Amino acid sequence: MTTRRRTVAQALVEFLAHQYTERDGAAAPGGQDGAPVRHRLINACWGIFGHGNVAGIGQALLESGPDTMPYLQGRNEQAMVHAAVGYARQCDRLSAHAVTTSIGPGATNLVTGAALATVNRLPVLLLPGDTFATRPADPVLQQLEVPYAGDVSVNDALRPVSRYFDRITRPEALIPAALQAMRVLADPVETGAVTLALPQDVQAEAYDWPEEFFADRVWRVPRPAPDAAALADAVRAVRAAERPLIIAGGGVHHSGAEDALRALADATGIPVASTQAGKGSLRHDHPADVGGIGHTGTATADALARRADLVLGVGTRYTDFTTASATLFAAPGVRFVNLNIASFDAHKLAATSLVADARAGLQALTEALSGHRVAPAYEEEYAAAKARWESLVDAAYAAPDDSVRPSQTQVLGALDATVGEQDVIINAAGSLPGDLHKLWRARSRRQYHLEYGYSCMGYEIPAAIGVRLAAPDRPVWALVGDGTYLMMPTEIVTAVQEGININVVLLQNHGYASIGGLSEQTGGERFGTAYRYRAADGTYTGEPLPVDLAANAASLGMHVIRAATVGELRAALATARADERPTCVYVETATADTVPGAPGAQAWWDVPVAETATRPAAVEARKEYDRHATERRRHL
């Protein structure tokens, strides 16, 4: 047997360089017809080095060189995972990044990013250093001693947030573990964060590896078709429905099923609402697109959902924002058909289950529904409602003149007027997701990039870097409020270092606007949500803090443009889009109590309110909570 002598770290890096994915066998751009398109499964490795990985993975990356495995220098371990997730999503999960860290705090900083990746079903390979497998000294620096278990380290915190976890305590154990890791990363059902914990002594240990371990390996991403009997059941349900509604989730994008969804909508006239992850599955101006669904959705989509007698969910997990905490689908006889590649999701809400790839399933449905179309009156109804909502969007985007300080929705209006079909808009947390879900007019399949499975503050800037790496020809915008910016601005330095010209739109509203509003609705009276000095009564209700986030962004190397008015904002956005440097557009927004914002929530969200309280705000909030809670139902 022919072998190569390599350290474990060297072998792993070399192995990763030969892993590929393939889907559909389509012709490569400029290639011969029928030539399959292969994607590097692990296309780069992010890393911050410490004693747990510097002499292992770090040395291996240096020795292998950038042609084998490009290296990207990060500033925060969590942020590196966010960048990798942004990259994987933009690549339709066919290509991903690895992330290596040292032991101890470097490894535990991965946990939040890993949870985000797994919740959103997006692949990322985590390679944290670990304590010595041979235990020559015990404990070592940064080791957590667990009195009841000698084989536990802080890396075990990654187990519940990983789709696959293994600790490589012997060199030869890498072979099955690495293969299992690739299987999970490439599997559209199983994918998420994958962790291979690497003890620092094992990383540097040499072994004679079989030559076959380093051969090119292709992981084919399947498109399973729906079961014939299940498809027949689904078709009967759709044909019998008078008020069907499609809910497009993130699985539509992951499958590249947008054309198939449009074909079904064109053929049947069934309206299409979208989750945060699914927005953009249809263009905003398609007649069947009725906007976002659920708590942050449009009045059009939510009104249709309340009266729908059949809901066809495509690639959605049905989170509580989508279902309005089980209050939205209110028709007495409503039934569900769920098309999802994951059986776990396809069976939710007691649905007729179509366990299949989204594109394959939609194509099968369109063919089987040939000749079927909803009643003209239903199409006219939702077309009129869509037009009414669009007038509300116009009003929210409009400013009285160019000299006023912009509101948050007017910022979105100015951005809407600036971007083209190729631009990507990234957001994750705060009040912006609600405004974007209701108002944003998505022009292309990957324009709308909202991480709302985990809604993690700090995601936007590093994710923008990942998206730009995956799509260097597309302008990328990270929309962040001051609260999110303060969580994780560190990767601005990476963008500057690598010349990755992302655009950051930084909105200064002096606190947590989203949670402030929620606090007010639930009897919390905006307690602890403003960035202000303490007042005499001990609350944070004094003057706004004199922080200058624009100066902070500039100090990290970004080109910064300050915009005080709507007119200045429009000019700044146009300049940023044309600039080749990483650019920040900084704007202090007008407060919601002085300028009209987005329309309010069109559906409920269950956030429990204190059952007993003495403060009037909480007492009244509880009454409102009890009223909504009676509308919850089980779909059985």
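The present account deals with the structure reproduced in this document. The structure displayed is predicted, hence computed values, not measured ones. (Residues numbered from 1 in each chain as written. Predicted model: local features only at pLDDT ≥ 70, side-chain atom pairs only at ≥ 80, totals over all residues. Heavy atoms only, no water.)

Burial of the side chains of strand E2 (residues 19-22) extends over both faces: Gln-19 and Thr-21 are buried on one face and Tyr-20 and Glu-22 on the other. Here 4 bridges tie E2 to strand E11 (residues 217-220), and the two strands are oriented parallel to one another. Paired with Tyr-20 across the bridge in E11 is Val-218. Relative to strand E3 (residues 38-40), E2 runs antiparallel, the two sharing 3 bridges. The partner of Thr-21 across the bridge, within E3, is His-39. (Buried < 20%, exposed > 50% of the residue type's maximum accessible area, 1.4 Å probe, protein only. Helix = DSSP H or I, 4+ residues; strand = E, 2+ residues; numbered from the N terminus. Pairing = 2+ DSSP bridges.)

Let's shift gears to a nonpolar patch on the surface. On the surface, a cluster of nonpolar side chains totalling about 240 Å² of accessible area is made up of Phe-49, Val-54 and Tyr-71. Here Val-54 shows up in helix H2 (residues 54-64). Taking the relative accessible area as the measure of exposure, Val-54 reaches 43% and is therefore partly exposed. (Patch = residues over 30% accessible without salt bridge, like charges linked within 9 Å, V, L, I, M, F, W, Y side chains within 5 Å. Areas by Shrake-Rupley, 256 points an atom, 1.4 Å probe, with all protein chains shown as cover. Salt bridge = Lys/Arg side-chain N within 4 Å of Asp/Glu carboxyl O.)

As a further point, take the packing of aromatic side chains. Two aromatic rings are characterised by how far apart their centres lie and by the angle between their planes. Taken as a whole, this structure holds 12 aromatic pairs when the rule is applied. Measuring from ring centre to ring centre gives 5.3 Å for Phe-213 and Phe-214, while their planes differ by 70°; the resulting arrangement is edge-to-face. The exposure class assigned to Phe-213 is buried, which follows from its relative accessible area of 4%. A relative accessible area of 2% places Phe-214 in the buried class. On the basis of an interplanar angle of 65° and a centroid distance of 4.5 Å, the ring pair of Phe-321 and Trp-605 is categorised as edge-to-face. Of this pair, Phe-321 sits in helix H12 (residues 320-323) while Trp-605 is found in the loop between strand E23 (583-588) and helix H24 (616-629), placing the two residues 284 residues apart along the sequence. With a relative accessible area of 12%, Phe-321 lands in the buried category. An aromatic cluster of three or more residues is present, and its members are Phe-15, Tyr-207, Trp-209, Phe-213 and Phe-214. Across from the ring centre of Tyr-448, 5.5 Å away, lies the NZ or CZ of Lys-279, which sits over that ring. Over the aromatic face of Tyr-586 sits the side chain of Arg-562, whose NZ or CZ is 5.7 Å from the ring centroid. (Phe/Tyr/Trp six-rings, centres within 6.5 Å; stacked < 30°, edge-to-face > 60°. Lys NZ or Arg CZ within 6 Å of the ring centre and 35° of its normal.)

Here the focus is the sheet that holds strand E7 (residues 124-130). Strand order across the open sheet formed by 6 strands is E5-E4-E6-E7-E9-E8, with parallel pairing between neighbours. For this open sheet the edge positions go to strand E5 (71-73) and strand E8 (164-167), each flanked by a neighbour on one side alone. For this sheet the average axis-to-axis angle between neighbouring strands, irrespective of direction, equals 20°. In the sheet, strand E6 (residues 96-101) pairs with E7 via 4 bridges, with the strands oriented parallel. Its bridge partner lying in E7, Ala-98 is registered against Leu-125. (Axes fitted to C-alpha atoms, helices over the stretch in contact; angles between N-to-C directions.)

Interaxial distance between helix H1 (residues 8-16) and H2 falls to 8 Å at its minimum, and their mutual angle equals 55°. Viewed along their axes, H1 and H2 adopt a mutual orientation that is oblique. Relative to H2, H1 is oriented so that their crossing is right-handed. Across the interface between the two elements, Ala-9, Gln-10, Leu-12 and Val-13 from H1 touch Gly-56, Ile-57, Gln-59, Ala-60, Leu-61, Glu-63 and Ser-64 from H2. Split into classes, the residues belonging to the contact of H1 with H2 amount to 6 nonpolar, 4 polar and 1 charged. (Parallel < 35°, antiparallel > 145°, perpendicular 65-115°, else oblique. Left-handed = near helix turned anticlockwise from the far one by under 90°. Contact = heavy atoms within 4.5 Å. Nonpolar A, V, L, I, M, F, W, Y, C, P; charged D, E, K, R; others polar.)

The next point concerns the sheet that holds E11. One open sheet holds the 3 strands; their spatial order is E3-E2-E11, and the pairing between them is mixed. Sheet topology places E3 and E11 at the edges, where each strand pairs with a single neighbour. Along the sheet, successive strands turn relative to each other by an average axial angle of 35°, direction set aside. Sheet strands touched by helix H6 (residues 174-186): E2 and E11. Its angle to E11, the strand with the most contacts, is close to 35°.

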